[in-house]
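# Fold and contact review
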Amino acid sequence: MGGGVRVTGGAVVAGASDPVAGVPGVRGGVDLPGVPGPIVGGVMGVSLRRVAVGALMTRARVAAGMTTRGAAARVGMLVASLNRSENGKRLLTDAEVGALLTVYRADRATCARVARVLDESASPWWSMGNPADHTAVLAHLDQRAEHTLHLAAAVIPVPWRTPAYTRELHSQHLHLLPGALESVRERAAAVGSDGGSQTVVINEAVLADPVESSAVLAEQLRALLSAIGERQLTVRVAVTACPVPFATGLALFTLSGAVFAHCHDQYFSTLFDDPEHLDRIQDQIAGVLSTAHNPIASTHLIDHWAKSHADT
């Protein structure tokens with residue numbers, strides 16, 4: 001699959017001026033270099049299961065203070081095999097997982113998560129009751145994906161949230177969900193650190209309506225503007241409601257030619273890579289992007305609302 005393909009099943013019939021062009025992972029009748037189509041998790045040898053296991057095992061190794069070379073030597077593996085496994089390009093065997101988790105002295109919760117992901121009978125929809133439970137996998141994707149697209153229906157996406165904004169979001173729900181702040185910090189540190197590009201699509205209403213405090217939203221929007229200037233981040237402000245059924249946001253991660261999706265709100269978190277639902281989401285995003293403000297106009301809008309909230 002060299003150089004990408006022409007995808008024609010999207011919501012937009014694209015031409016040279018197609019606003020979806022150049023946004024990897026979004027289908028819209030345009031040539032997307034390096035992104036195969038139809039987009040299916042695992043089409044290039046990377047699957048959600050492999051990525052999830054690799055991310056969880058990497059976290060367990062790091063928590064144990066071990067290098068890949070040291071861990072591989074302890075369990076009799078090749079260092080290259082362990083590296084490929086942690087990068088989601090090779091699925092560890094049950095025996096390897098057991099040996100590594102023993103060497104890492106992993107806690108029961110980590111072992112249970114890894115066991116669930118390894119279950120071959122499991123659905124491609126991997127759900128958790130608390131979004132923070134997916135932090136290891138999401139931070140892994142934030143860091144290593146060639147491109148990430150975040151679409152926010154009602155809030156700023158997790159990797160770009162300030163701690164104060166995060167507290168306000170969760171204060172509406174009586175308590176701060178376990179691990180929420182830690183999740184935001186870990187993902188903010190990981191996002192784009194391996195050089196991947198980012199696109200964020202935000203509903204214009206998110207810029208206009210503070211969660212509680214105008215000052216907190218002003219700080220949040222200034223932080224977003226700083227990220228645009230310092231990282232490979234493009235922000236598009238949507239003029240229509242962002243279609244994220246039953247969720248406050250979603251993300252598409254393009255990694256080694258495969259695309260994975262994450263839907264979440266304050267109470268649940270779901271990762272999946274099945275083609276049917278990916279196709280539907282990509283078509284919806286293409287529709288939103290076709291009417292969204294361009295990046296320059298979007299930056300001006302964010303700056304306008306940041307100043308407006310700061311003066312309130």
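To be clear, the structure that these remarks concern was listed above.
About the criteria used
- Residues numbered from 1 in each chain as written.
- Predicted model: local features only at pLDDT ≥ 70, side-chain atom pairs only at ≥ 80, totals over all residues.
- Heavy atoms only, no water.
- Helix = DSSP H or I, 4+ residues; strand = E, 2+ residues; numbered from the N terminus.
- Buried < 20%, exposed > 50% of the residue type's maximum accessible area, 1.4 Å probe, protein only.
- Areas by Shrake-Rupley, 256 points an atom, 1.4 Å probe, with all protein chains shown as cover.
- Expected span 1.5 Å × (residues − 1).
- Arc of directions from axis to C-beta.
- Polar contact = N/O pair within 3.5 Å; in protein donor to acceptor, adjacent residues only side chain to side chain.
- Core = buried A, V, L, I, M, F, W, Y, C linked by side-chain atoms within 4.5 Å.
- Contact = heavy atoms within 4.5 Å.

### Considering the overall build of the protein chain
- From N to C terminus, the protein chain includes 12 helices and seven strands.
- Going through the 312 residues of the protein chain one by one, you find that 51% of them count as buried.
- For the protein chain, the exposed area adds up to about 13,300 Å²; of that, 55% sits on carbon and sulfur atoms.

### So, the environment of valine 117
- Mapped onto the fold, valine 117 is located in helix H5 (residues 108–118).
- Since its relative accessible area comes to 7%, valine 117 is described here as buried.

### Comments concerning helix H12 (residues 295–310)
- Compared with the 22 Å implied by 1.5 Å per residue over 16 residues, the 22 Å span of H12 between its first and last C-alpha is a close match.
- Those residues of H12 not exposed but buried are Ser298, Leu301, Ile302, Ala306 and His309. Along H12, the residues classed as buried sweep out an arc of 135° about the axis, all on the same side. In H12, the exposed positions angled more than 90 degrees off the buried face are occupied by Ile296, His300 and Lys307.
- Taking the backbone nitrogen of isoleucine 296 as reference, a side-chain oxygen 3.1 Å away marks asparagine 294 as the first, capping residue of H12.

### With respect to the nonpolar core
- Core analysis: the largest hydrophobic core is formed by 33 residues, its most contacted members being Met57, Leu100, Tyr104, Val137 and Leu141.
- Residue assignment for this core shows that the elements contributing at least two residues are helix H1 (48–63), helix H2 (68–75), helix H4 (94–104), H5, helix H6 (135–144), strand S5 (249–255) and strand S6 (258–264).
- Ranked by residues supplied to this core, first place goes to H1 with eight residues.
- Each residue touching leucine 100, except ones within four places of it in the same chain, is listed here: Met57, Ala71, Val75, Met77, Leu82 and Leu92.
- Counting 22 residues, the second largest nonpolar core, distinct from the first, contains Val155, Val200, Val235 and Val237.

By themselves these figures say nothing about function.
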